[in-house]
Amino acid sequence: MKTFGCIDNVVPNYDKFIRDTSLYPFTKDKKHFYDTIDDYPYMQWRVGYDVPEHNHHLSLESKSNLIFFNIIDENHPYRKIYYDFFNMLFTVRFNSFINKNYHINRIRVNLTNNIQSDTYLCPHIDLNNPHLTCTLMIGESDGDHIIFNERLDDNADKLTIANQYKHKPNRLVWNTGHYHCNYTPSYHYYRLVVNVVYELH
């Protein structure tokens, strides 16, 4: 059974989706979010810290390269749009070969800043339980998404790249428990993705 892959043009009405979720302004590759965050009261951006592999000495006081917000509140105005799409996605694209029950563990919008790094960020696995991780790329950017061959019980000290996917609007990269990560963008201000994790049971 295939355990990772890529689906292009995955959202049937991509332009409507990014407008309905207020992500459209962020596709213009400007420092838009710094100046207009008050215009997006439902985007409760939080600061995250992720550091390039082999550079874990990077101080947490240094400029963050990641901000994000979670779609968790049942009253969140965009929650239904995200959940409707990702529930449909599982049924149409994955149910036939994964053939397990699931619940959505999280949906998160990640915005990775350009920090001029020539190495990828820290490889990780999203859950220790059986799961499916999907990364939906939004807008034009760069910063490849990497899937490694190794999984939870493998030796993470010697990771080997299984595949590397360029950032492309409306491209979805998925895996069922592989180590994965991405490069920060080099030629754009930021890289925007929607990350969803399905817990399988």
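Residues numbered from 1 in each chain as written. Predicted model: local features only at pLDDT ≥ 70, side-chain atom pairs only at ≥ 80, totals over all residues. Heavy atoms only, no water.

(A) Broad picture of the packing of aromatic side chains. Tallied over the entire structure, the rule returns 12 aromatic pairs. Ring geometry for Tyr120 against Phe148: centres 5.6 Å apart, planes inclined by 70°, an arrangement best described as edge-to-face. One end of the pair, Tyr120, is in the loop between strand 4 (102-113) and strand 5 (131-138); the other, Phe148, is in strand 6 (residues 145-151), and 28 residues separate them in sequence. Overall, the relative accessible area of 16% leaves Tyr120 in the buried class. Joined through ring pairs, the aromatic side chains of Phe90, Phe94, Phe97, Tyr102, Trp174 and Tyr198 make up one cluster. The ring of Tyr24 has Arg19 sitting right over it, with the charged end atom 3.8 Å from the ring centre. The ring of Tyr83 carries the charged tip of Arg79 above its face, separated from the ring centre by 4.1 Å. (Phe/Tyr/Trp six-rings, centres within 6.5 Å; stacked < 30°, edge-to-face > 60°. Helix = DSSP H or I, 4+ residues; strand = E, 2+ residues; numbered from the N terminus. Buried < 20%, exposed > 50% of the residue type's maximum accessible area, 1.4 Å probe, protein only. Lys NZ or Arg CZ within 6 Å of the ring centre and 35° of its normal.)

(B) Quick peek at the sheet that holds strand 9 (residues 178-182). Strand order in the open sheet formed by three strands is 7-6-9, and the pairing between neighbours is antiparallel. Only two strands of the sheet have a single neighbouring strand rather than two, namely strand 7 (161-165) and strand 9. Strand-to-strand twist of the sheet, defined as the mean angle between neighbouring strand axes without regard to direction, takes the value 20°. In terms of strand pairing, strand 6 meets strand 7 through four bridges, oriented antiparallel. By the bridge assignment for strand 7, Phe148 is matched with Ile161. (Pairing = 2+ DSSP bridges. Axes fitted to C-alpha atoms, helices over the stretch in contact; angles between N-to-C directions.)

(C) Structural context of the nonpolar core. Tyr82, Phe86, Phe94, Leu172 and Tyr198 are the most contacted members of the largest nonpolar core, which totals 35 residues. Put simply, the parts of the chain that give this core at least two residues each are helix 1 (14-20), helix 3 (79-98), strand 4, strand 5, strand 8 (171-175) and strand 10 (190-200). Top contributing element to this core by residue count: helix 3, with eight residues. Setting aside chain neighbours within four positions, we find Phe86 in contact with Ile104, Ile107, Leu136, Leu172, Val194, Val196 and Tyr198. (Core = buried A, V, L, I, M, F, W, Y, C linked by side-chain atoms within 4.5 Å. Contact = heavy atoms within 4.5 Å.)

(D) Structural detail: the environment of Val194. Looking at the element boundaries, Val194 is found in strand 10. Accessibility expressed as a relative area gives 0% for Val194, which makes it buried. Every residue in contact with Val194, bar those within four places of it in the chain, is listed here: Leu23, Tyr82, Phe86, Ile107, Arg108, Val109, Cys134, Thr135, Leu136 and Ile138.

Geometric values such as these leave the question of function open.
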